[in-house]
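One letter stands for each residue in the lines below.
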Amino acid sequence: DTAVSQTPKYLVTQMGNDKSIKCEQNLGHDTMYWYKQDSKKFLKIMFSYNNKELIINETVPNRFSPKSPDKAHLNLHINSLELGDSAVYFCASSHPTSGRETQYFGPGTRLLVL
Amino acid sequence: AQTVTQSQPEMSVQEAETVTLSCTYDTSENNYYLFWYKQPPSRQMILVIRQEAYKQQNATENRFSVNFQKAAKSFSLKISDSQLGDTAMYFCAFMRAGSGNTGKLIFGQGTTLQVKP
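Now for a look at the structure at hand. Just so it is clear, the model here is predicted, and its values are computed rather than measured.

## Concerning the overall build of chain A
In terms of regular secondary structure, chain A is built from zero helices and eleven strands. Seen in sequence order, chain A has helices and strands lined up from the N terminus as β-β-β-β-β-β-β-β-β-β-β. Over its C-alpha atoms chain A spans a radius of gyration of 13 Å, differing by no more than 12% from the 13 Å that the globule rule assigns to 114 residues. Across its three principal axes, chain A shows a C-alpha extent of roughly 40 × 25 × 25 Å. Looking at the 114 residues of chain A, the share that counts as buried comes to 47%. A fraction of 55% describes how many contacts in chain A between residues 6 or more apart in sequence connect residues 24 or more apart.

## Digging into the interface of chain B and chain A
Every contact between the two is made by 19 residues of chain B and, on the other side, 25 residues of chain A. Across the chain B to chain A interface the summed buried area is about 1,800 Å²; carbon plus sulfur atoms make up 53%. Of all residues in chain B, Arg43, Thr102 and Phe107 of chain B bury the most surface against chain A, accounting for 33% of the area lost on that side. Counting across the chain B and chain A interface gives one salt bridge.

## Observations regarding unusual backbone geometry
Among all residues except glycine, the phi angle is most often negative; among peptide bonds, the trans geometry is most common. Omega for the peptide link from threonine 7 of chain A to proline 8 of chain A comes to -5 degrees, which places this bond in the cis form. Relative to the assigned elements, proline 8 of chain A resides in the loop between strand S1 (4-7) and strand S2 (10-13). Despite not being glycine, alanine 16 of chain B has its phi angle at roughly 80 degrees, a positive value. Its place among the elements puts alanine 16 of chain B in the loop between strand S2 (10-14) and strand S3 (19-21). One non-glycine residue with positive phi stands out, namely aspartate 81 of chain B, at about 50 degrees. Turning to its location among the elements, aspartate 81 of chain B is positioned in the loop between strand S9 (74-79) and strand S10 (88-96). When its relative accessible area of 40% is taken as the criterion, aspartate 81 of chain B is described as partly exposed.

## Here we look at the pattern of salt bridges
Inspection of the entire model under this criterion finds eight salt bridges over all chains. Taking the shortest distance from any N to any O, the salt bridge between lysine 104 of chain B and glutamate 58 of chain A comes out at 3.1 Å. Of the two residues, lysine 104 of chain B is situated in the loop between S10 and strand S11 (106-107) and glutamate 58 of chain A in the loop between strand S6 (53-57) and strand S7 (64-70); the pairing between them involves two chains. The salt bridge partner of arginine 63 of chain A is glutamate 82 of chain A, with a shortest N-O separation of 3.5 Å.

## Some points on the state of the cysteines
Residue and element names in this part refer to chain A. Scanning all chains against the criterion turns up two disulfides over all chains. Between the sulfur atoms of cysteine 23 and its disulfide partner cysteine 91 the distance amounts to 1.9 Å. Given an S-S torsion of about -75 degrees, the disulfide between cysteine 23 and cysteine 91 has left-handed geometry. Remark: cysteine 91 occurs in strand S9 (residues 87-95) and cysteine 23 occurs in strand S3 (residues 19-25); sequence separation between them is 68 residues. Residue cysteine 91 is classed as buried on the basis of its relative accessible area of 0%.

## What about the nonpolar core?
All names here are of chain B. The biggest cluster of nonpolar side chains holds 26 residues, and the ones touching the most others in it are Tyr25, Trp36, Phe75, Leu77 and Tyr90. Among the elements of the structure, S3, strand S5 (32-39), strand S6 (46-52), strand S8 (64-69), S9, S10 and strand S12 (111-116) are those that each provide at least two residues to this core. In terms of residue count, the dominant contributor to this core is S10 (four residues). Leave out the neighbours within four places in its chain, and tyrosine 90 touches Gln6, Leu21, Trp36, Tyr37, Lys38, Val48, Phe64, Leu77, Ile79, Gly110, Thr111 and Leu113.

Criteria and thresholds
- Residues numbered from 1 in each chain as written.
- Chains lettered and ligands numbered in written order.
- Predicted model: local features only at pLDDT ≥ 70, side-chain atom pairs only at ≥ 80, totals over all residues.
- Heavy atoms only, no water.
- Helix = DSSP H or I, 4+ residues; strand = E, 2+ residues; numbered from the N terminus.
- Rg over C-alpha atoms; globule rule 2.2 N^0.38 Å.
- Buried < 20%, exposed > 50% of the residue type's maximum accessible area, 1.4 Å probe, protein only.
- Contact = heavy atoms within 4.5 Å.
- Buried area = accessible area lost by both parts, 1.4 Å probe.
- Salt bridge = Lys/Arg side-chain N within 4 Å of Asp/Glu carboxyl O.
- Disulfide = S-S within 2.5 Å.
- Core = buried A, V, L, I, M, F, W, Y, C linked by side-chain atoms within 4.5 Å.

Below is the structure:
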């Protein structure tokens, strides 16, 4: 009964490929997030969706496109992968009642671009 | 723009002793939240403690406590009776509160803590 799950956990791919990372939460939350943790362990928010509506869109290359088919899912699609995209990507979610300050993180997806 | 700074890249402490991790932040907001997250080698992000800026009382969670100095924009984490399981990277984070809250967490650079037996 995992709260926030991500698939895959590890992803190794070649430069130029297109890949997707999936995130699902079974907590009944309405807001979901994507964070990127780079090789220096620095964490930065990329996107946030509330009820399938984009509310945070940080300065991220157009090659990154989030998609929220419903409140429980937020997927991240990356086109034309580059070496610099290698990182750990975390999904998180929060509930409207308990507030966006309480975020539950998924286990992360380690992406390695060769 | 808000920034969060952790000036200690690495720290170590002997088991059962006390250690303090430092964090400073910069913001023009008056209403906000501050957090400490723990990331063990498993890389799972775990919320350790949260402080609301409007509360003067420092937050405490078992062996973890904070020293929140709003005027100085300082938010340090004290870990008492350190345990081997406390070995992890610790992140300080900031979030706006109130109507402007989009849920955006702004993280510091992290401090790697090693607890030695």
